[in-house]
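For reference, the chains in residue letters:
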Amino acid sequence: MTDKNKKPMRKDYQAIFTKAYALMDEAIIAGNCGEWCGYHCCRRRDDDEKRLGMYLLPLEYEYIQAAVATDYELHSQKHYKMPPKIKKMYYIYCHLESGCLRDHRPIQCRTYPFEPHLENGVFSLVIEKEQIHGCPLITRRSEWRPAFIDGIYNGWLELLKIPIIKYHIEYFSKERSAAGNIMINYP
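Here the structure is a predicted model, which is why all the values come from computation and not from measurement.

K.L.:
Quick one: what's the story with the overall build of the chain, residue by residue and with numbers?
P.N.:
Counting secondary structure elements, the chain contains 6 helices and 6 strands. Going residue by residue from the N terminus, the α and β elements of the chain occur as α-α-β-α-β-β-α-β-β-α-α-β. Residues counted as buried form 41% of the 187 residues belonging to the chain. Taking the contacts inside the chain whose residues are at least 6 apart along the sequence as the reference set, 72% of them involve residues at least 24 apart. Summed over all atoms, the accessible surface of the chain reaches about 10800 Å², with 53% contributed by carbon and sulfur.

K.L.:
Describe the sheet that holds strand E5 (residues 122-127), and please don't skip the residues or the numbers.
P.N.:
Spatial strand order, E4-E5-E6: 3 strands in an open sheet with antiparallel pairing. Edge positions in the sheet fall to strand E4 (115-119) and strand E6 (184-186), since each of these pairs with one other strand and no more. If you compare each strand with its neighbour and ignore which way they point, the axes differ by 40° on average. As paired elements, E5 and E6 share 3 bridges and run antiparallel to each other. Looking across to E6, one finds that Val126 is bridged to Asn185. With respect to the sheet, helix H5 (residues 146-159) is in contact with E4, E5 and E6, its orientation differing from that of E5 by roughly 135°. Taken strand by strand, helix H6 (residues 163-179) contacts E4 and E5, and its axis lies near 85° from that of E4.

K.L.:
Residue-level account of unusual backbone geometry, with values.
P.N.:
With glycine set apart, most residues show a phi of negative sign, and most peptide bonds adopt trans. The residue after Tyr112, namely Pro113, is reached through a cis peptide bond having omega 15°. Non-glycine residue Leu59 carries a positive phi angle of around 70°. You can see Leu59 is positioned in the loop between strand E1 (53-55) and helix H3 (60-65). Phi at Asn120 is positive, roughly 55°, even though this residue is not glycine. Looking at where Asn120 falls in the secondary structure, it is placed in the loop between E4 and E5.

K.L.:
A description of the pairing of E4 should follow, citing residues and the corresponding values.
P.N.:
Two faces belong to every sheet, and in a regular strand the side chains alternate between them. The buried fraction of E4 amounts to 4 of the 5 residues, a majority that puts the element mostly inside the structure. In this sheet, E5 lies alongside E4 in antiparallel orientation, the contact comprising 5 bridges. In the strand pairing of E5, Leu118 is matched with Phe123. Here E4 folds back onto E5 in antiparallel fashion, the turn holding 2 residues, of which Asn120 has a positive phi close to 55°.

K.L.:
Lay out the sheet that holds E1 in plain terms, naming residues and giving numbers.
P.N.:
By way of backbone hydrogen bonds, the strands of a sheet pair with one another, either parallel or antiparallel. One open sheet holds the 3 strands; their spatial order is E1-E3-E2, and the pairing between them is antiparallel. Among the strands making up the open sheet, the edge pair consists of E1 and strand E2 (72-76). Going across the sheet, the axis of each strand differs from the next one's by a mean of 25°, ignoring polarity. With 5 bridges joining them, E2 and strand E3 (residues 88-93) adopt antiparallel strand pairing. If you follow Tyr72 over to E3, its bridge partner there is Ile92.

K.L.:
For the packing of helix H1 (residues 13-23) against H5, give the residues involved together with the corresponding values.
P.N.:
Axis separation between H1 and H5 bottoms out at 8 Å; the angle between their running directions is 170°. By the angle class used here, H1 and H5 are roughly antiparallel. Note on element contacts: H5 touches H1 through Gly151, Ile152, Asn154, Gly155, Glu158 and Leu159, opposite Ile16, Phe17, Lys19, Ala20 and Leu23. Residues of the contact of H1 with H5, tallied by class, amount to 6 nonpolar, 3 polar and 2 charged.

K.L.:
Describe the nonpolar core, with residues and values.
P.N.:
Grouped together as the largest cluster of nonpolar side chains are 31 residues, with contacts concentrated most on Ile107, Phe114, Trp144, Trp156, Leu159, Ile162 and Ile165. Mapped by element, the contributors of at least two residues to this core are H1, E5, H5 and H6. Among the nonpolar cores identified, the runner-up in size contains 6 residues, and Leu56, Tyr61, Ala69 and Tyr90 belong to it.

Definitions and limits used
- Residues numbered from 1 in each chain as written.
- Predicted model: local features only at pLDDT ≥ 70, side-chain atom pairs only at ≥ 80, totals over all residues.
- Heavy atoms only, no water.
- Helix = DSSP H or I, 4+ residues; strand = E, 2+ residues; numbered from the N terminus.
- Buried < 20%, exposed > 50% of the residue type's maximum accessible area, 1.4 Å probe, protein only.
- Contact = heavy atoms within 4.5 Å.
- Areas by Shrake-Rupley, 256 points an atom, 1.4 Å probe, with all protein chains shown as cover.
- Pairing = 2+ DSSP bridges.
- Axes fitted to C-alpha atoms, helices over the stretch in contact; angles between N-to-C directions.
- Parallel < 35°, antiparallel > 145°, perpendicular 65-115°, else oblique.
- Nonpolar A, V, L, I, M, F, W, Y, C, P; charged D, E, K, R; others polar.
- Core = buried A, V, L, I, M, F, W, Y, C linked by side-chain atoms within 4.5 Å.

What follows is the structure, given as structure tokens:
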């Protein structure tokens with residue numbers, strides 16, 4: 001579909017994000033994984049008292065987080081290393097000392113410890129060797145719920161419909177592959 005200037009019209013990114021959030025709303029294990037590990041990846045500060053947070057995906061702030069994200073910084077390519085086609089990214093800080101606002105957690109929180117990986121046109125989920133938080137549940141993979149894995153996989157397939165997110169995934173997949181930073185690959 002095109003407008004009068006013959007430019008392609010954007011897909012409904014709000015609907016894509018909403019569907020992805022719903023698909024990715026499954027718990028990794030029965031119960032609250034944060035209670036099991038002491039909210040290791042949801043801490044507001046690291047051991048050195050540095051504030052912790054995470055980057056939102058391109059367009060995630062605009063289409064789903066703007067109403068709830070209150071503690072964030074806008075980082076630009078001028079001062080931070082980012083994929084060349086991405087000029088700015090929102091870096092949000094965790095809301096609580098322990099636990100999180102579960103209904104509003106960003107994509108990366110929903111999918112952790114998985115990362116989306118796109119190589120030679122083939123999509124998979126991977127777990128990196130080098131992890132910022134070092135998820136303790138990796139040693140308990142036999143307890144992971146299949147609905148969690150399926151939801152994460154299908155949610156990322158939805159997000160791949162957004163060109164800038166596909167580019168983002170391809171960029172970080174190339175970096176990950178070049179560094180040999182793949183511990184586990186779920187096809």
